[in-house]
Amino acid sequence: MSPDASSSMAKDSQILNDVNTTPVDVAPSRYARTEAIESALLGATCRFCGSHRHQTFVDLGMSPLCESYLTREQLDQMEPFYPLYAFVCENCFLVQLKEYVTAESIFSDYAYFSSYSDSWVEHARRYAEAMIKRFQLNRDNRVVEIASNDGYLLQHFVARNVPALGVEPAANVAAVARKKGIATRNAFFGRECAREMVEEGLRADLIAANNVLAHVPDLNSFVAGLKILLADSGVLTVEFPHLMRLIEENQFDTIYHEHFCYFSFCTVIRVFAAHGLTVFDVEKLPTHGGSLRVYARHEQDTGKPVTQRAEELRRRELEAGYERIETYLSYAPQVAETKRKLLDFLIEVRRAGKHVAGYGAPGKGNTLLNYCGIRTDFIDYTVDRNPIKHGKFLPGTHIPIHEPQHIFETQPAYVVILPWNLKDEIVRQLEGIREWGGRFVLPIPELTEL
Ligand SMILES: [Zn+2]
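Here's what I pulled together on the structure shown here. (Residues numbered from 1 in each chain as written. Predicted model: local features only at pLDDT ≥ 70, side-chain atom pairs only at ≥ 80, totals over all residues. Heavy atoms only, no water.)

## Quick look at the pairing of strand S8 (residues 230-241)
Here's step 1: Burial analysis of S8 places nine of its twelve residues in the buried class, the great majority of the element.
Here's step 2: Bridge count between strand S7 (residues 204-210) and S8: six bridges; the pairing is parallel. Looking across to S8, one finds that Ala 209 is bridged to Val 238.
Here's step 3: Between S7 and its parallel partner S8, the chain crosses via helix H8 (residues 219-229), and the hand of that crossover is right-handed.
Here's step 4: Examined bridge by bridge, S8 and strand S11 (residues 291-298) share six bridges and lie antiparallel to one another. (Buried < 20%, exposed > 50% of the residue type's maximum accessible area, 1.4 Å probe, protein only. Helix = DSSP H or I, 4+ residues; strand = E, 2+ residues; numbered from the N terminus. Pairing = 2+ DSSP bridges. Right-handed = clockwise from strand over helix to strand, strands pointing away.)

See the structure below:
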């Protein structure tokens, strides 16, 4: 064994030692449990470690699925609402939602085609270039993407003659990828699917699992599948929104029924280690309010030592308390205070007879508006650039969605920016509202007038 390899192994085991895996005694939550919460928690087990010991992370009440926009006819019908209740495991600190709505019902006939987003396709192109260069991929290798959507990412490997295979659960989306010439299996990925692929001789030198880990109900089967599918010296990359950003930047509106898990870096290290995978590198990405791209390999593959930046991020999380339950318990009061501030503001301006419009109709806006109980009594309408949404209504709150031009026709006093991640772009586009004294309002991370 080379000196390099042995020092990397020492580092790996240190990571695992530092990341606490034993249960801790916990002070009672500062956020009192209601009877409803007790009932919601009853029978909930951690989807990673199986523990029954958990605490409230945040209770966002009852909410419809955040992408279920309504037609005018649907306004007269009943609408399904599900608890949007996130808890944190006291044993492994995985923040999670129960599977109130099955992944099959959400993802089997999914309407989201990644190629519709130019910035997302560009993100994918840069990823492919970087991976081909760093891991010297060529025609003798194989790249597998899990949840490969319409081939928006794999097309960049195919263009560089690196064999690629997608695994995609939505049949309609997989069909679009195949039409583009991207080999795609229509399946939900997990242990069984990986075993079948390996039996067919399809092991992967690079596995990409971008923005899928949070959506997986059976986390252990999924990560076990990654382990099975990965070639002996292969590399696996996983992208997911970073829980530290969700907490520090108050991004509670990114909690959706479709996101079953919310990961810190330490928790991902722990989950992967339990399946014989070692996290050896990490990059911070600006996507989805702040994501991590984590690199993992087989634990035996010690030729890829743990990088300095992986060590640093792990240390930062430990210092910030992400391996202590108290850190998670202070989140719910912070979220409740954000709601009160936003409502205070809206009550005041509406009492003064001023009009308020929304900008955007993103999923995160729906989480926020439903949690705060903001309907057309506070926000007259919202606008969106996506023509598919025009004439429809936001789920739960029934706020109508118009074209952006509607703002200039009605001249509201305030425009609440719902996709806060795009605030600079939106303020630039709507600069014209200043002409009638219009102001922008950003609700997250805290109420700010722009
Ligand atoms: Zn757990």
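Having seen the structure, we can now continue with the description.
## Points about the sheet that holds strand S14 (residues 401-402)
Here's step 1: Strand order in the open sheet formed by six strands is S14-S13-S12-S15-S16-S17, with mixed pairing between adjacent strands. Among the strands making up the open sheet, the edge pair consists of S14 and strand S17 (448-449).
Here's step 2: Strands strand S12 (356-359), strand S15 (414-417), strand S16 (439-442) and S17 of the sheet are contacted by helix H13 (residues 331-351), whose axis makes an angle of about 135° with S12. (Contact = heavy atoms within 4.5 Å. Axes fitted to C-alpha atoms, helices over the stretch in contact; angles between N-to-C directions.)

## Examining the environment of Phe 280
Here's step 1: Counting through the fold element by element, Phe 280 comes out in strand S10 (residues 277-285).
Here's step 2: Between the alpha carbons of Phe 280 and Glu 311 there is a distance of 8.9 Å; along the sequence they are 31 residues apart.

## Thoughts on the side chain of Asp 281
Here's step 1: Tracing the chain through its elements places Asp 281 in strand S10.
Here's step 2: Using a relative accessible area of 1% as the deciding quantity, one classes Asp 281 as buried.
Here's step 3: Polar contacts involving the side chain of Asp 281 include one to the side chain of Arg 309, which spans 2.8 Å.
Here's step 4: When near neighbours in sequence (up to four residues on either side) are disregarded, Asp 281 contacts Arg 134, Arg 293, Val 294, Tyr 295, Thr 307, Arg 309 and Ala 310. (Polar contact = N/O pair within 3.5 Å; in protein donor to acceptor, adjacent residues only side chain to side chain.)

## Quick word on the packing of aromatic side chains
Here's step 1: Enumeration according to the criterion identifies twelve aromatic pairs in this entry.
Here's step 2: Where Phe 345 meets Tyr 414, the ring centres are 5.1 Å apart and the plane angle is 85°; that geometry is what we call edge-to-face. Here Tyr 414 lies in strand S15 and Phe 345 lies in helix H13, a separation of 69 residues in the sequence. The two residues Phe 345 and Tyr 414 agree in class, both being buried.
Here's step 3: Through a chain of ring-to-ring contacts, three or more aromatic side chains come together here, namely Phe 57, Phe 93, Tyr 322, Tyr 328 and Tyr 331. (Phe/Tyr/Trp six-rings, centres within 6.5 Å; stacked < 30°, edge-to-face > 60°.)

## Considering the pattern of salt bridges
Here's step 1: In this structure the tally under the stated criterion is 25 salt bridges.
Here's step 2: Salt-bridge contacts for Asp 424 lead to Lys 423; the nearest nitrogen and oxygen are separated by 3.6 Å.
Here's step 3: Looking at Lys 423, the relative accessible area reads 29%, which means it is partly exposed.
Here's step 4: If you follow the salt bridges from partner to partner, you end up with Glu 122, Arg 125 and Arg 126 in one network. (Salt bridge = Lys/Arg side-chain N within 4 Å of Asp/Glu carboxyl O.)

## Focus: the coordination of the zinc ion
Here's step 1: Donor atoms from the polypeptide that bind the zinc ion are Cys 46 (SG), Cys 49 (SG), Cys 89 (SG) and Cys 92 (SG), placed at 2.3 Å.
Here's step 2: Given four donor atoms and angles of 100 to 122° at the metal, the environment of the zinc ion is assigned as tetrahedral.
Here's step 3: Positions of the donor residues of the zinc ion along the chain correspond to the pattern C-x2-C-x39-C-x2-C. Of this pair, Cys 49 sits in the loop between helix H2 (35-41) and strand S1 (54-63) while Cys 92 sits in the loop between strand S2 (82-89) and strand S3 (95-97), placing them 43 residues apart in sequence.
Here's step 4: Overall, Cys 92 belongs to the buried group, its relative accessible area being 1%. (Donors = N, O, S within 2.8 Å, 3.2 Å for Na, K, Ca; no water. Tetrahedral: all angles 85-135°; square planar, octahedral: opposite > 155°, others 65-115°.)

## Considerations on the nonpolar core
Here's step 1: Core analysis: the largest hydrophobic core is formed by 69 residues, its most contacted members being Ile 146, Phe 157, Phe 189, Leu 213, Phe 222 and Phe 272.
Here's step 2: Here the element with the most residues in this core is helix H4 (residues 118-134); it accounts for seven residues.
Here's step 3: Apart from the residues lying within four places of it in its own chain, the contact partners of Phe 222 are Ile 146, Phe 189, Gly 190, Ala 209, Val 212, Leu 213 and Val 216. (Core = buried A, V, L, I, M, F, W, Y, C linked by side-chain atoms within 4.5 Å.)

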